[in-house]
Amino acid sequence: MTVTENPRTYKYVGTRPVRHDGLDKVTGKARFAADLDMTGQLRAALVRSPHAHARIVSIDASKAEAMPGVKAVVTGADFADLDPTHPEFDMAVNLMARGEALYNGHVVAAVAAVTAAQAAAAAAAVEVDYEPLPAVLTIDEAIAKGAPIANTTNRTLFSGDAEPSNLASVNEFGRGDIEAGFEAADIIIEREFRTAAVHQGYIEPHACVADCGQDGKAVIWASSQGHFAVRSKTAAALGWSTDRIKVIPAEIGGGFGGKTTIYLEPVAVLLSQKAARPVKLVMSREEVLRATGPAPATKITAKIGATNDGEITTLQSTMYFDNGSTKGFSALTGAMSVASYKLPNLELHAIGTVTNTARSAAYRAPSAPQAAFAVETLIDELAQRLGVDPIDLRLQNAVVEGDATAMGMPHPKIGFVETLEAIKNSDHYNSPVPEGAGRGVATGFWFNIGEQSSATVNLNEDGTATVVTGSPDIGGSRASMALMAAEELGLAVDRITPIVADTESVGFTDITEGSRATFATGMAVVNACRELIEELKQRAATIKSADVERVEWVDGAAVIEGEDRLTIPEITAMAKNTGGPLTATASLNAAGAGPSFAVHVADVAVDEETGETTILRYTAAQDAGTAIHPSYVEGQIQGGSVQGIGWALNEEYIYDSNGVMENAGFLDYRMPVASDLPMIDAIIVEVPNPSHPYGVRGVGETGIVPPIPTLANAIAAATGVRMTSLPMSPPRLLAAITGGADG
Amino acid sequence: MRYAAPTTTDEALELLRSDPDSQVFAGATDLIPQIRAGRPEPSLLVDLKRIERLVAVSHDNGTWTVGAATPTSALTANAEFSSAFPGLSEASGLIGSDQIQNRSSWGGNLCNASPAADSAPALIVNDARAVIAGASGERTAAAADIVTGPGETSLAAGEFIIEFLLDDPPAGSSDAYLRLIPRTEMDIAVVGAAVQLTLDGDRVASAKVALGAVAPTVVRVPGAEAALAGSTLDDDTLAAVSAAASDACNPIDDKRGTIQYRRQVAGVLARRAAQIAAQRARSQPTQGNS
C-alpha cells in the first residue's frame, strides 16, 4: 500500500518489473565470492586467538610450513606498520593482530595450502606463545575505576586526551535549559536500558579470492558493500598504492552495514603474493559471529519530562555504546538519532567504550535502534500516564521541516507527521486489539547520506542501453537504476541492462551505506541520462539538418519542430555517421539526502506462564520520498522490521567469563525464522525529497529502528511489564512477569 | 573417511567389526554438523538407510514396528500411526525443519543422546522397545534404557538399533508432547514434556509423564503420574502435576535457559500436555464402552 503526496506520475518509476539479477539469484546461478574457483587456487585458513586479551610473545610457523600442501604463512609482521592515527589503523590491526590479541577470535596468522583441509590443519599447527593479559568484557568493566586497558593504542575520540583509555569517544551536546525543562514538567520518567551485542546476520559469510600477478598487482574478487572501499582499505593495510589493486565485485548475500569494512582481502593478497598462486579465503559461520561486526551492546539512561497537556519539555540521556576492541563513533550516532521530537531542552552524553570483544561494525541505522528503545519506551509511558493515544502524543511533539535535530541542524522537508498519520489511519490501528493481546507503537528516524557516486550510460547500436555503476546491488539497486534510466530516456526497462562494474571500469563510488545507492548513485544515473539526451538531440538535429534548439526530447524520441520524430534505435543506428558511440558519464558528491521516518504498530500475545511472545499482526509505515521500485521498498521495510524483531526478542551475544562467544552459530544465536513472523504489512509513504530528481529518500535503514520499542510497548500493554533489557527472550520475560521486576 | 551402505544387518555388523573407528548413521542430521564443528571424523561411516528393516513401518497383531532409520516425515505423514500416537507423531514432527525431517529418525535422535531429543520422552511414555542388532544376535531393550547420559548410550560397540516396537495403546488412551523453544521451529528444546494416559470414564486410569532437556537424560515423573492416576484432572491434580514436574528437573544453567526457567516451564508443559492427552483420550472409545 502506498500513501502518496507525490504530485508527479511516471511511466516507469513506481512500477514493479522483475529485477534484472533476479532469475540468476533464485536459480542459484548468481556468483557470490565463495563460488569462484581459479586454476591453481589455494585455500587459506586463519589462526585466531583463544584469549580475549594477550600479548603475542612469539609465533612459530615452522611446523605449519613443513606440512603437506602448505604454500604460504603470513603474520602481523608481513603487514604495513600504520601509525595509530591513520584512519585505517583499527581496521588493519583488526584483520591481523600486531603484538596483542585484542579479543577471542582475533586473527594472529594465516596459512595458504592446496586444500582447505590442509590449510586448516596447518593453521592448527602454528605455534603462538601468548602471555594472557587482563581482559575487559563489558561496558561496566570498561568504565570501572582502575580497569585494565583493553587496547593500549586507543585514544578517546573528541577528547584531546593523549593517554590510553577504555573510552572510545566522548560527546556532549544539547540545547535549552535542562533543569528548567524538568521544572516545567508535570510528569518525569527515568529508566535505564540495556541491550546486548547483536550481529547483522547476513546469510553470506565473508569471502574473497585474491590473485597477485608478477607485476606486483593484485586482482580481488570480493563480496562487499563497496568495492572501491575494499580497494582503498586493502591498499592501506598493505601500504600499497591503489593502482596496484583491482577489485571485482561479486554478488553480495547481505551486508546490512557489516560489509562496509573488510576482514580478509589484504590477508588473501599477501598469501597470494607469497605463494604466487590465487588464494581463496572464506569464513565459516562461527568465524563470522566470533570475529566480525556485531552491533554495539549498550547501557542507556534516559529521563523525560512532559506537561499534563502532553508537551515534552525536556530529555536528558547518557548513552554508553560498546565499540568492542577499537574506537568508533557508535555512541555519537546513537545520540544523533534522537531527532524525532521538538525538544526545547535537550542534554545528551554519548560515550563509547572499548572492550576485549570483537570490533563492532555498522548495522543498519547504526546505533539508532538502541537509542530508540530508550526514547520510544519513555514516550509510550508518557502517553500511558497522560491517558492519550500514543500516536496523538507523538503528533503533538513531532518534528517538521525547520525543527532542530539533536545536533541543532534544522530538518529539511520530512514526512514524519504524514507517516504517523498513515499508521493512525491504517486498518490495523483502527482494528480492535485482539482479546488478551497488547498493541504497541513506536517510531524511528535515520539521517541517510549522499556521498560520491559515478555512472555511465552506454547506448548500444540497436538502441538498447547499459547502465554502469559502482554500487553493489544489495537490495534491488540494479532494478532501481534501470527504472530511473528508463524514465529519463523513455526506454522500456527491459531494454536496459544495469551492471555493477569493477574498480577500473567505472568512476569512484563510495560504499553503499546510509541508504545512499538509490538516492546518490541513482542521481548520477539520472544526470548521465540527461547528458545523453542532450547528445541524442544533437544527433537528431544532425540527421535532420535541423537546429538543435528546435529539438525536444519527448517520450523516448527526439521531436524536431514538433513533428518529425526520431527514436533512440533510429538515432543509434546512425551513430557512426553522426559522431560515434553514444555514451555519457556523470559523477557527483550528492547533497540533500532526505531523512526517512518510520512508524510501526504490533499486536502481540504473551504466554504469561512461559514468557513466549507471539506477534499476531505487524504493520510498518515509512517515508520513501518516492518509491522507485515499490516491491524493493517494501522489501527493505519488511527486512528491517524482521531484523529489529529478532534483536528485540531473541538475538544476543552470549560471552562466557573468558570472553568466548558461547553461541557462535545460528542454532543458539537466534534470528527469527519465517514461521516466527506474521506478514509484515508495509505502507509506503511518499513525501518527495526535493533534493533528488525523483524525490528519493533512502529506505534501507530506518525500518530497523522502531521494532524494538514497538514490541517492548506491545509487551507492556499485554502484560503490564516494562522490559528495559534486551533481548526480551522467554526466560527474561517470564522472570520479569513472575518477579514483577523490570526486565 | 570411508563410506559404506550395507543392505543387510549382517553386512552392517561385519563392517562395524572390521573397523573399531567406525560409526553408524541414519539421516546424519546430527553427525554432519558435529563433524563440521570439529568432532574427529570416524574412519568408516556406515549408512543404515539401505537396510530394509531399518526403514520399514508395519502394524501387525497389535504391534507397530518402526525401522530405526525411518524418516520422521514418513511417520508424521502416516495417518493411522499419527492417530494412534498423536503425541509421538507431533514430537517426531518437531525435529529440525521440514527438510531435516526427510532425514531425521528415531534411532538417530535417540542414539545421538542429546538430553533435548524431542522423540525420546514421547517414545518413553509410550513404552517403546528397541530391537538391537549386535555381534551376538538381536536383543530388545526399553527405549528408556538406551540413553545413559549426554552423548552416552547403553549400546555396546558394534551394536545399533534395528527397529522400535510399540504396542497399540489401550482403548481410551492418548498422548501429547509439548516443547518450549524461543522460536517456532529450527531450534532445540529448552524443556520438553510428554504425557501418555488412559482414561476409565471420567477418571485417569493410568498415566506416564516424561520430561526432556531438564536433566542429563529424560526423566520420568512418578509424582505427576501418581497425582494423575485416579483423578479427573481437577485443578488440584494439575497443580500437583506441575509441582512434581518442576521438582523432577535437574537442569543446568546454559545459553538456552536458566535452571529456574526450566523448572518453571517443565511444570507448565507437563500440565498442559496432560490436559491435551486427556482431551484426545476422551475422543477415543473408553474401556468397556466400545
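Throughout this document, residue positions are counted from 1 along each chain, in the order its sequence is written. Chains carry letters and ligands carry numbers; both start at the beginning, A for chains and 1 for ligands, and go up in the order they are written. Selection of residues for local features in this predicted model requires a pLDDT of at least 70, selection of side-chain atom pairs for listing and counting requires 80 or more, and totals for whole chains, interfaces and linings are taken over all residues. Where side-chain values are given, they derive from all heavy atoms of the structure, hydrogens and water being excluded.

Student: Help me understand the overall build of chain B, please; the structure alone is not making it clear to me.
Tutor: Helical segments are the DSSP runs of H or I of at least four residues, strand segments are the runs of E of at least two, and each set is numbered from the N terminus. Summing up its helical and strand segments, chain B has 11 helices and 14 strands in all. Only C-alpha atoms enter the radius of gyration, while the globule expectation follows 2.2 Å times N to the 0.38, with N the number of residues. Taken over C-alpha atoms, the radius of gyration comes to 19 Å for chain B, in line with the 19 Å a tight globule of 290 residues would show. Considering only C-alpha atoms, chain B reaches an extent of 55 × 45 × 35 Å along its principal axes. Only heavy atoms matter for contacts: two residues are in contact if any of them lie within 4.5 Å across the pair. For chain B, restricting intrachain contacts to residue pairs at least 6 apart in sequence, the fraction spanning at least 24 positions comes to 60%. Total accessible area on chain B is roughly 12000 Å²; 49% of this is exposed by carbon and sulfur atoms. Positive: Lys, Arg. Negative: Asp, Glu. His and the chain ends are not part of the count. Here the site of a charge means atom NZ of a Lys, CZ of an Arg, CG of an Asp or CD of a Glu. On chain B, the mean spot of the 23 positive side-chain charges and the mean spot of the 34 negative ones are 5 Å from each other. Shrake-Rupley sampling with a 1.4 Å probe provides the accessible areas, and residues are treated as covered by the protein chains on show and by no other component.

Student: So what exactly am I meant to see when it comes to helix α10 (residues 235–248) of chain B here?
Tutor: The periodicity of an α-helix, 3.6 residues per turn, causes residues three or four places apart in sequence to face the same way. Residue and element names in this part refer to chain B. How far a helix is expected to stretch is found by multiplying one less than its residue total by 1.5 Å. In a regular helix each residue adds 1.5 Å, so 14 residues correspond to 20 Å; α10 covers 20 Å between its end C-alpha atoms and thus fits that length. Here α10 has its buried residues at T237, L238, V241, S242, A244, A245 and S246. Close packing links the buried residues of α10 with β13 (203–212), α9 (222–228) and α11 (259–282). For each residue, the accessible area found with a 1.4 Å probe, counting protein chains only, is set against the maximum for its type, and the residue is called buried under 20%, exposed over 50%, and partly exposed in between.

Student: Just checking my understanding: could you explain the side chain of T357(A) for this structure?
Tutor: Looking at the secondary structure, you find T357(A) in the loop between β18 (345–353) and α11 (368–386). Setting aside anything within four residues of it in sequence, one finds T357(A) in contact with L102(A), Y103(A), L137(A), D322(A), G324(A), S325(A) and Y655(A).

Student: What exactly am I supposed to notice about the nonpolar core here?
Tutor: Generally speaking, soluble globular proteins have nonpolar side chains that are buried together. The term nonpolar core refers to a set of buried residues drawn from Ala, Val, Leu, Ile, Met, Phe, Trp, Tyr and Cys, joined through side-chain atoms within 4.5 Å. Counting 101 residues, the largest nonpolar core has L711(A) and M728(A) as the members making the most contacts within it. It is α11(A) that provides the largest number of residues to this core, a total of 11 residues. Those residues in contact with M728(A) that lie beyond four places of it in its chain are A648(A), L649(A), I708(A), L711(A), A712(A), I715(A), M723(A) and L733(A). A4(B), V66(B), A116(B) and A122(B) belong to the second-largest nonpolar core, a separate cluster that totals 50 residues.

Student: Please explain the packing of aromatic side chains as it appears in this structure.
Tutor: Working definition: an aromatic ring pair is given by the centre-to-centre distance plus the angle between the planes. Residue and element names in this part refer to chain A. In this analysis, rings of Phe, Tyr and Trp, with Trp reduced to its six-membered ring, are considered paired at centre separations within 6.5 Å, and the interplanar angle assigns stacked below 30 degrees, edge-to-face beyond 60, and tilted for intermediate values. Scanning all chains against the criterion turns up 17 aromatic pairs over all chains. With a centroid separation of 5.9 Å and an interplanar angle of 50 degrees, the aromatic rings of Y653 and Y655 are classed as tilted. A relative accessible area of 26% means that Y655 is categorised as partly exposed. Should the NZ of a Lys or the CZ of an Arg lie within 6 Å of a ring centre and within 35 degrees of the ring normal, that charge is described as sitting over the ring. Taking NZ or CZ as reference, K299 lies 5.6 Å from the ring centre of Y320, over its face. Over the face of the ring belonging to F182 we find K303, whose NZ or CZ atom lies 4.4 Å from the ring centre.

Student: What exactly am I supposed to notice about the sheet that holds strand β7 (residues 137–142) of chain B here?
Tutor: In a beta sheet, neighbouring strands pair by backbone hydrogen bonds and run either parallel or antiparallel. Residue and element names in this part refer to chain B. The five strands lie next to each other as β4-β5-β10-β6-β7, forming an open sheet whose pairing is antiparallel. Because the sheet does not close on itself, it has two edges, and the strands there are β4 (57–60) and β7. When strand polarity is set aside, the average angle formed by the axes of neighbouring strands in this sheet is 20 degrees. In this analysis, strands are considered paired if DSSP registers two or more bridges between them. Sheet analysis places strand β6 (residues 129–134) next to β7, joined by six bridges and oriented antiparallel. Residue pairing for β7: I132 is matched across the bridge by R139. Helix α1 (residues 9–18) rests against β6 and β10 (160–167) of the sheet, and its axis sits at about 140 degrees to β10. Angular values range over 0 to 180 degrees, each being the angle between N-to-C directions of two axes fitted as lines to C-alpha atoms, with helices fitted over their stretch in contact.

Student: Please explain the domain arrangement of chain A as it appears in this structure.
Tutor: Frequently, the measure chosen for interface size is the accessible area that the parts lose on association. Residues and elements named next belong to chain A. Domain boundaries in chain A define domain 1 (408–448 + 594–743) and domain 2 (450–590). Spacing between the C-alpha centres of domain 1 and domain 2 amounts to 38 Å. Listed per partner, the contact involves 16 residues of domain 1 and 16 residues of domain 2. Summing the contributions of domain 1 and of domain 2, the shared interface buries around 1200 Å²; its carbon and sulfur component is 65%. For every domain, the bounds stem from an assignment made automatically or drawn from a database. Accessible area that two parts lose when put together, with a 1.4 Å probe and added across both, is what the buried area reports.

Student: Just checking my understanding: could you explain the confidence of the model for chain B for this structure?
Tutor: Parts of the prediction with low pLDDT should not have their coordinates interpreted in detail. Residue and element names in this part refer to chain B. Looking at chain B, the pLDDT average stands at 95 and 98% of residues meet or exceed 70. As a per-residue measure, pLDDT tells how confident the predictor is, with possible values from 0 to 100. Across residues 286–290 the pLDDT falls below 50, and counting only partners more than four positions away or on other chains, this stretch makes nine contacts in the model. The ipTM assigned to the predicted complex is 0.94, against a pTM of 0.96.

Student: Where do I start with the packing of helix α18 (residues 630–649) of chain A against helix α19 (residues 707–719) of chain A in this structure?
Tutor: When two helices pack together, their arrangement is given by the angle between the helix axes and the distance between those axes. Residue and element names in this part refer to chain A. For the pair α18 and α19, interaxial distance at closest approach is 8 Å and the crossing angle is 55 degrees. When the axes of α18 and α19 are compared, the pair comes out oblique. For the element pair α18 and α19, the recorded crossing hand is right-handed. Between α18 and α19, the contacting residues are G640, S641, G644, I645, W647, A648 and L649 on the first element and P707, I708, L711 and I715 on the second. Here the term charged refers only to Asp, Glu, Lys and Arg, the term nonpolar to Ala, Val, Leu, Ile, Met, Phe, Trp, Tyr, Cys and Pro, and the term polar to all other amino acids, Gly among them. Its residues assigned to classes, the contact of α18 with α19 comprises eight nonpolar, three polar and no charged. Here the angle decides the label: under 35 degrees means roughly parallel, over 145 means roughly antiparallel, 65 to 115 means roughly perpendicular, and every other value means oblique. Note on convention: the crossing is left-handed when the near helix lies turned anticlockwise from the far helix by less than a right angle, right-handed when the turn is clockwise.

Student: Looking at this structure, I do not really get the pattern of salt bridges. What am I missing?
Tutor: Between side chains of opposite charge, a pair can form when the charged atoms approach closely. All names here are of chain A. For this document, the term salt bridge refers to a Lys or Arg side-chain nitrogen within 4 Å of an Asp or Glu carboxyl oxygen. Under the definition given, this model contains 57 salt bridges over all chains. One salt bridge connects E88 with K233, and the closest N-O pair in it is separated by 3.2 Å. On the criterion of sequence distance, the pair formed by E88 in the loop between β4 (70–75) and α3 (89–95) and K233 in helix α7 (residues 227–238) is long-range, its members being 145 residues apart. Neither residue differs from the other here; E88 and K233 are each classed as buried. Linking E488 and R530 is a salt bridge whose minimum nitrogen-to-oxygen distance equals 3.0 Å. Note that E488 is positioned in helix α14 (residues 477–489) and R530 in helix α15 (residues 517–543), a separation of 42 residues in sequence. When salt bridges that share partners are traced, they join R19, D21, K25, E251, D473 and R478 into one network.

Student: What should I look at first to understand the interface of chain B and chain A in this one?
Tutor: Listed by partner, the interface residues are 17 residues for chain B and 22 residues for chain A. Taken together, both faces of the contact between chain B and chain A bury some 1800 Å²; the carbon and sulfur share is 50%. Across the contact surface, chain B and chain A share six salt bridges. Here D668(A) makes a salt bridge to R256(B), at a shortest N to O gap of 2.6 Å.

Student: Explain the packing of α7(A) against helix α8 (residues 265–275) of chain A to me, please; I cannot follow it from the model alone.
Tutor: Residues and elements named next belong to chain A. Axis separation between α7 and α8 bottoms out at 9 Å; the angle between their running directions is 60 degrees. Accordingly, the angle class assigned to the pair α7 and α8 is oblique. The handedness of the crossing between α7 and α8 comes out as right-handed. Contacts between α7 and α8 involve V230, T234, A237 and L238 from the former and E265, P266, V269 and L270 from the latter. Partitioning the contact of α7 with α8 into residue classes produces six nonpolar, one polar and one charged.

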